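# Geometric and topological summary
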Amino acid sequence: MSGGFLTLADLGVAVLAVLALASLSGRSPARAAVRLGTAGMALACVVALAHPSGGRWGVALLALIAGGLVGRGLATRVRLARLPQLVTGLHALAGLGAVLVGLATFLHPSGLAPAQPLLRTVEVYLAVVGGAVTGTAAGVVWLTGAGVVSARPLRVVGRHRLTAVLVAALVVLAVPTAAFGTGFFWLCLAALVAATLGAHLVLAVGAVDGAVSALVLACLGSGTGWTLAALGFLLALDLLLVVGGLVGTAAAVVGMRQAAAMGRPVIDVLFGDPVDEPRRGESTPDPVDVDGLVRWLRAAKDVAIVVGDGADAPGALPAVRALVDALSRRGTSVRCVVPAAARGLVGLQHLVLAEAGVPVDRAPRPDDGGTGRVAADVVLWLGTPTDAGAPTVVAGHVAWLDDVTAHLPAVVDPLRS
Amino acid sequence: MLVGIPAASVAGGGGHAVTPEAVARLVALGIPVQVETGGSADLDAFVAAGARLVDGPTLWSSSGWILATQPPSPEALAQLAPGAVVVCGGVDAADCAMLEAFAAGRRAGGVAATPGAGATAPTTVPARVWMPLVFVAACVLLGIGAAAPPAFLQQLTVFVLACLLGVLVARDGSPRLEAPRATLGLGIGGALVVAGSVQVSSGDDTAAALGAVAVALGALVSVAGLGVTARLQLLLADADGAP
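Anyway, here's the lowdown on the structure attached to this text. Predicted model only: the values in this text are computed from it and were never measured. Residue positions within a chain follow its written sequence, with the count starting from 1. A letter from A marks each chain and a number from 1 marks each ligand, given out in the order of writing. Since the coordinates come from a predicted model, pLDDT governs what is reported: local features require at least 70, and pairs of side-chain atoms require 80 or more to be given and counted, while whole-chain, interface and lining totals use all residues. To obtain the side-chain values, all non-hydrogen atoms of the structure were used and water was disregarded.

### Comments concerning the sheet that holds strand β5 (residues 85-88) of chain B
Residues and elements named next belong to chain B. If you walk across this open sheet you meet the five strands as β3-β2-β1-β4-β5, and the pairing is parallel. With partners counted over all chains shown, the strands left at the sheet margins are β3 (52-54) and β5, one partner each. Across the sheet, the mean angle separating the axes of adjacent strands is 25° when strand polarity is ignored. Where strand β1 (residues 3-5) and strand β4 (residues 65-68) come together, two bridges link them in parallel fashion. Counterpart to Gly4 in the pairing with β4 is Ile66. Any two strands between which DSSP finds at least two bridges are classified as paired. Where helices and strands are cited, they refer to DSSP runs of H or I of at least four residues and of E of at least two residues respectively, numbered from the N terminus. Orientation is described by lines fitted to C-alpha atoms, with helices fitted over the stretch in contact, and by angles between N-to-C directions that extend from 0 to 180 degrees.

Here you go:
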C-alpha cells in the first residue's frame, strides 16, 4: 500500500479514536462509543497488516489473531467486580509492549525513526523507560490484587532518597546509551532501573483498595497513554501521538478529580506519607441496635443509604436491594449514594450497583457546586466508613452497619411486615 | 462548656447546624446548649429539646464551642470569647485570608477588619501557583524550538493538540462514565499494534520477533478493553432505561 493511503488510514484511526472517547460524554452515553472504537481498531489492524513488507504480514496477522482471541476470552469471562484487576493487567501488558517496540527500534531503527541519532536515542529511551515504569507499576498492582504482594504501604527507610537515586541513575544511564552505537546493554539496564522505580513508587503507596487505588489506576492510565505518545514520536506515527496524548490526558484529568474528591493534592497522595484508611475487620463498631434502626426507618419519610467500602461486595448487594425494595413498598423515599472518592476504578461502583438493580443517585461531587451533602430523616451508612470523599451527613438519625451481609437481613425482615 | 448554635444567614439557608434531636442528646449528656433566635428553624423544637434561646452577640461572646453551618462573619469573630472553638462548614482554601485575619486578631486582642480579602483570595491563589509553571513551560518550549528538527516540532504540535482534546473529552465528570472511559482508553490504546507492526518486517530477526509480540499484546489489550467497554455500555443503557 502506498504511503499516502497509510497516512490517510492513520488519520482515520485517530479520528475514530477521538470520536469514540468524545461520544462517552453527555447525559446519555451513546452506544456509538464502542462501535466507533471498534471501527477505529479494525482500521488500525489493517494498517498494521499493511506496514510489514517482504511477506511478513502473515506474522502480523497471526500475532493479531492470537492476541485478539486471548483478549476476547478475558473480556467475556471477567466478573465486573474484578474489573480493576483486569485493567491493571492490561496496563502492564501495554507497558511491556511499549518496551519491546522501543528495544526493537533501538536494535534496528525503522525507516520512520528520526535520522538524527541523538534525538532517536532520547526518544527510544523515553519510550522504554516510560513503558517499564508504567508496566512494572501496573504489574505490582496486579500482584497486590491477586494477593501475592501485601496491600499495606511498604515503609522504606529513606523512601524519597531511594526515588531520587533511581531517577538520577536513569538520567546517568542515558549518557552511555546515547554515546555509544552499541548501547543496547545500557538501555536494558535502564529498563531494569525503571522497572525498579515503578515497583518502588507503587509499593510505597501500597494501594489495592481504598480511595488511593482509583488514583493509582488513573495514573497508570495516563502513564500508558504518554508512553504510547513517546512511541509515536519515535516511530513518527501521528496516530500514536493523538491516541497516546488523548488517553494519557483524559486519565490524568480523572486522577486529578479523584484526588480532589479525596481532599488531597495528587502529589501528596503519591509521594506523601500514606494515610491509614480504616480497613474491614480492624475497626470494632458498637453492636448494632437493630430494633432502634428499624424504628427509625419505619418513622422516616426519606432515607439515604450510603454504599460505602465493602457494601458493594457481591454477597451484600442483594441485601441492599431488598432494603431498597422494602422501603419503597412502604412509601418511603429512598435513594443510594456513593462516596465521591471512588475505590478500585472510578465509576465502577455505580455500574456494579446498577448491575445488581440498586438505583444510585448521581454521587455528590465537590466540583458540581454542591458540598457533597446528604440530607435525609435517616442516613444509613453501609460498610466501612472512610474519611476520603465521605459525604457530609445532615440527618435526624445516622446509623452505621459495618457487616452488611450479617446484619442487614435482620433489618429488612421486620420492614416487610 | 457552653455550646452555642448560631442561625445561618438568610443567604446561607437560615438553618441551624444541629437538629433539635441532637440538641436533646447533648442536653441529656449534661451539656448546656444555647441557640440563636431568628433564622428559619422551628425554635420551639429547640426549646423543647432543652436549649436556651439567646440573641447573636450574647451567643458569640459567651459560648465555649460554636457549631455553625457557615464561617463566622467578621462581626461575629470580633465578639468571640478567648479560647472559644468554632466548628463550621464552608471553609475552603479561599478563606485562608479570613483565618489569618482571625489569628492576627486573636494575638492583637481584637480583629482587624480586612475588607475584600475573601473576595480577592480565589483569583490570586491559582495565579501564584501557575505563573512560574507557565514561565518554565514557555522557556522549555523555546529551547526545544531552537534545537529540534522541524519534523519533531510538527509532531509536538500534534501531541499538544491531542492532550488538549483529552482534557476536553474528560470534562464531563459524571462518575458513571469514568469506568467505561478507562476501559475504552485501553481499547484504543491498542493502537500499539501499529507500532509493533512497523518492526515486524525489520531486517533484524530479534527486532522482528519483539515487534510481533508487541502486535499480539496490542491486539490483546485492544480487544479486551473494547469488549469490557461493551459490557459496561449495556449496563449504562439499562441504568438509563434506554432500549
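### Concerning the environment of Asp377(A)
Residues and elements named next belong to chain A. Positionally, Asp377 belongs in strand β3 (residues 373-382). Here Asp377 falls in the partly exposed class, since its relative accessible area comes to 32%. Linking Asp377 and Val398, residues 21 residues apart in sequence, is a C-alpha distance of 8.6 Å. Only protein chains enter the accessibility calculation, which uses a 1.4 Å probe. A residue is then buried if its area is under 20% of the maximum for its type, exposed if over 50%, and partly exposed in between.

### Things to note about the interface of chain B and chain A
What makes two residues a contact is simply this: any of their non-hydrogen atoms within 4.5 Å. Residue-level contacts link 81 residues of chain B with 98 residues of chain A. Here's the idea: put two parts together, see how much 1.4 Å probe accessible area each one loses, and the total over both is what we call buried area. Both sides of the chain B and chain A interface together cover about 7,500 Å² of buried area, and 76% of this is carbon and sulfur. Interface area lost by chain B to chain A is led by Gln155(B), Ile188(B) and Arg231(B), which between them contribute 8%. A carboxyl oxygen of Asp or Glu within 4 Å of a side-chain nitrogen of Lys or Arg is what we treat as a salt bridge. Put simply, chain B and chain A have one salt bridge between them. Taking the shortest distance from any N to any O, the salt bridge between Glu178(B) and Arg257(A) comes out at 2.4 Å. In protein, a polar contact means a hydrogen-donor-capable atom and an acceptor-capable atom, both N or O and within 3.5 Å, with residues adjacent in sequence counting only if both atoms are side-chain atoms; elsewhere, any N or O pair within 3.5 Å suffices. There are eight residue pairs in polar contact (both at pLDDT 80 or more) connecting chain B and chain A. Residue assignment for the side of chain B that touches chain A shows that the elements contributing at least two residues are α7 (150-169), α8 (178-189), α9 (192-200) and α10 (205-240) of chain B. Taken together, the residues of the side of chain B that touches chain A sort by class into 50 nonpolar, 21 polar and 10 charged. Amino acids outside the nonpolar list (Ala, Val, Leu, Ile, Met, Phe, Trp, Tyr, Cys, Pro) and the charged list (Asp, Glu, Lys, Arg) are all regarded as polar, and Gly is one of them.

### Remarks on a nonpolar patch on the surface
Residue and element names in this part refer to chain A. A patch is a set of surface residues, each over 30% in relative accessible area and not in a salt bridge, joined within 9 Å for like charges and within 5 Å for the nonpolar side chains Val, Leu, Ile, Met, Phe, Trp and Tyr. Surface accessibility in these figures is a Shrake-Rupley result with a 1.4 Å probe; residues are shielded only by whichever protein chains are displayed. Together, Leu8, Leu11, Val15 and Leu19 make up a nonpolar patch on the protein surface, roughly 370 Å² of accessible area in all. Note that Leu19 resides in helix α1 (residues 3-22). According to the relative accessible area criterion, Leu19 is partly exposed, its value standing at 42%.

### Some details on the pairing of β4(B)
Residues and elements named next belong to chain B. Here β4 shows one buried face, formed by Ile66 and Ala68, and one open face, formed by Trp65 and Leu67. Note: β4 against β5, four bridges, orientation parallel. Counterpart to Leu67 in the pairing with β5 is Val87.

### Quick notes on the nonpolar core
Proteins that are soluble and globular tend to have nonpolar side chains buried together. For the purposes of this section, nonpolar cores are sets of buried Ala, Val, Leu, Ile, Met, Phe, Trp, Tyr and Cys residues that join through side-chain atoms within 4.5 Å. Ranked by size, the top nonpolar core spans 143 residues in total, and within it Leu83(A), Leu231(A), Leu297(A), Ile305(A), Leu323(A), Leu408(A) and Val411(A) carry the most contacts. At 16 residues, the largest contribution of residues to this core is made by α10(B). Apart from the residues lying within four places of it in its own chain, the contact partners of Val411(A) are Val290(A), Leu293(A), Val294(A), Leu297(A) and Leu401(A).

So far we have only geometry, and geometry alone does not tell us how the molecule works.
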